[in-house]
Amino acid sequence: QAQLVESGGGLVQPGGSLRLSCRASGSIFRIYDMGWYRQAPGNQRELVVSITDGGSRNYADSVKGRFTISRDNAKNTVYLQMNSLKPEDTAVYYCNAEIVITRYSGRTSSWGQGTQVTVSS
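The notes below deal with the structure included here.

Reading the values: the criteria
- Residues numbered from 1 in each chain as written.
- Predicted model: local features only at pLDDT ≥ 70, side-chain atom pairs only at ≥ 80, totals over all residues.
- Heavy atoms only, no water.
- Buried < 20%, exposed > 50% of the residue type's maximum accessible area, 1.4 Å probe, protein only.
- Helix = DSSP H or I, 4+ residues; strand = E, 2+ residues; numbered from the N terminus.
- Pairing = 2+ DSSP bridges.
- Disulfide = S-S within 2.5 Å.

A look at the pairing of strand β8 (residues 77–82)
Summarising burial for β8: five of the six residues are buried, a large majority. Here strand β3 (residues 18–26) runs beside β8; their pairing, made up of six bridges, is antiparallel. Paired with Arg19 across the bridge in β8 is Gln81. Bridge count for strand β7 (residues 67–72) against β8 is six bridges, and the pairing is antiparallel.

Take a look at the structure:
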């Protein structure tokens, strides 16, 4: 079983920055895609950005040019640098990873517990 633990959320003023981290631990053979999703009150969970194990990135239009995803495969960790934050970025941010536990098992989509990001003056 693998676990994802997020950190780095908080309260920030409009125009400010935050950096989220998500580390996978436990029984891990390989990690494929990793990504960040967010869910605001009353809204569905939406993809913010994803990154493949080869480094290809897919950003939501709403965050292009402001957010940057990166990953450290040696540390099983994915990061989200968020700049020029807007009130509409306020949401719970969830980390997701496609994890293979053993060389004989298939991929499992794992989720973190979520971290709150609030952008407000």
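What to know about the state of the cysteines
Under the defined criterion, the tally for this structure stands at one disulfide. Between the sulfur of Cys22 and that of Cys95 lies a disulfide, 2.1 Å long from S to S. On the sign convention where negative means left-handed, the S-S torsion of about -80° between Cys22 and Cys95 marks this disulfide as left-handed. Pair noted here: Cys22 is in strand β3 and Cys95 is in strand β9 (residues 91–100), with a separation of 73 residues, a long-range link. Both residues of the pair, Cys22 and Cys95, count as buried.

Any link to function would need more than the numbers given here.
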